Amino acid sequence: MESRLTDLEIHVMHQENTIQELNDVVMEQQRMIDLLRVEVQTLKEQLQALDPSLNRLPSEEEPPPHY
(Lines give C-alpha, C1' and ligand atoms only; values in the text may rest on other atoms or scores of the structure.)
Protein backbone atom coordinates (compact mmCIF):
# COMPACT_ATOMS: atom_id res chain seq x y z
CA MET A 1 0.00 0.00 0.00
CA GLU A 2 2.82 2.38 0.91
CA SER A 3 4.47 1.76 -2.46
CA ARG A 4 1.28 2.56 -4.35
CA LEU A 5 0.86 5.78 -2.43
CA THR A 6 4.44 6.79 -3.17
CA ASP A 7 3.96 5.97 -6.84
CA LEU A 8 0.83 8.13 -6.95
CA GLU A 9 2.63 11.02 -5.25
CA ILE A 10 5.45 10.79 -7.77
CA HIS A 11 2.96 10.68 -10.60
CA VAL A 12 1.16 13.77 -9.28
CA MET A 13 4.47 15.63 -8.92
CA HIS A 14 5.34 14.87 -12.53
CA GLN A 15 1.91 16.04 -13.67
CA GLU A 16 2.24 19.27 -11.69
CA ASN A 17 5.63 19.87 -13.28
CA THR A 18 4.22 19.24 -16.75
CA ILE A 19 1.27 21.56 -16.09
CA GLN A 20 3.64 24.31 -14.94
CA GLU A 21 5.81 23.88 -18.04
CA LEU A 22 2.75 24.05 -20.28
CA ASN A 23 1.52 27.12 -18.45
CA ASP A 24 4.89 28.81 -18.98
CA VAL A 25 4.71 28.06 -22.70
CA VAL A 26 1.16 29.40 -22.96
CA MET A 27 2.13 32.57 -21.09
CA GLU A 28 5.08 33.15 -23.42
CA GLN A 29 2.89 32.57 -26.46
CA GLN A 30 0.34 35.06 -25.17
CA ARG A 31 3.10 37.60 -24.58
CA MET A 32 4.26 37.12 -28.17
CA ILE A 33 0.70 37.42 -29.50
CA ASP A 34 0.26 40.68 -27.61
CA LEU A 35 3.51 42.06 -29.03
CA LEU A 36 2.59 40.97 -32.55
CA ARG A 37 -0.82 42.62 -32.27
CA VAL A 38 0.84 45.90 -31.36
CA GLU A 39 3.28 45.55 -34.25
CA VAL A 40 0.52 44.74 -36.74
CA GLN A 41 -1.52 47.72 -35.54
CA THR A 42 1.52 49.98 -35.90
CA LEU A 43 2.15 48.69 -39.42
CA LYS A 44 -1.49 49.21 -40.36
CA GLU A 45 -1.36 52.79 -39.10
CA GLN A 46 1.88 53.47 -40.99
CA LEU A 47 0.46 51.99 -44.18
CA GLN A 48 -2.75 53.98 -43.75
CA ALA A 49 -0.69 57.16 -43.37
CA LEU A 50 1.17 56.44 -46.61
CA ASP A 51 -1.93 55.98 -48.74
CA PRO A 52 -5.26 55.84 -46.95
CA SER A 53 -7.22 54.68 -50.00
CA LEU A 54 -5.20 51.45 -50.25
CA ASN A 55 -6.55 50.29 -46.92
CA ARG A 56 -10.17 51.33 -47.07
CA LEU A 57 -13.10 49.13 -47.82
CA PRO A 58 -15.01 50.09 -50.96
CA SER A 59 -17.93 51.22 -48.77
CA GLU A 60 -15.59 53.61 -46.91
CA GLU A 61 -14.09 55.04 -50.09
CA GLU A 62 -14.91 58.63 -50.96
CA PRO A 63 -16.27 59.21 -54.46
CA PRO A 64 -13.80 60.58 -57.00
CA PRO A 65 -13.77 64.37 -57.50
CA HIS A 66 -15.59 64.20 -60.88
CA TYR A 67 -18.84 62.96 -59.25
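What counts as what
- Residues numbered from 1 in each chain as written.
- Predicted model: local features only at pLDDT ≥ 70, side-chain atom pairs only at ≥ 80, totals over all residues.
- Heavy atoms only, no water.
- Helix = DSSP H or I, 4+ residues; strand = E, 2+ residues; numbered from the N terminus.
- Buried < 20%, exposed > 50% of the residue type's maximum accessible area, 1.4 Å probe, protein only.
- Areas by Shrake-Rupley, 256 points an atom, 1.4 Å probe, with all protein chains shown as cover.
- Patch = residues over 30% accessible without salt bridge, like charges linked within 9 Å, V, L, I, M, F, W, Y side chains within 5 Å.
- Salt bridge = Lys/Arg side-chain N within 4 Å of Asp/Glu carboxyl O.

K.L.:
Hey, could you run me through the overall build of the protein chain in this one?
P.N.:
If you tally the helices and strands in the protein chain, you get one helix and zero strands. The burial tally for the protein chain puts 0% of its 67 residues in the buried class. Just so you have it, the protein chain exposes about 6,600 Å², and 62% of that area is on carbon and sulfur atoms.

K.L.:
Any chance you could explain a nonpolar patch on the surface here in plain terms?
P.N.:
A cluster of nonpolar side chains, contributed by Met-32, Leu-35 and Leu-36, occupies part of the molecular surface with about 250 Å² of accessible area. Its location among the elements puts Leu-36 in helix H1 (residues 2-50). Among the residues examined, Leu-36 registers a relative accessible area of 44% and is labelled partly exposed.

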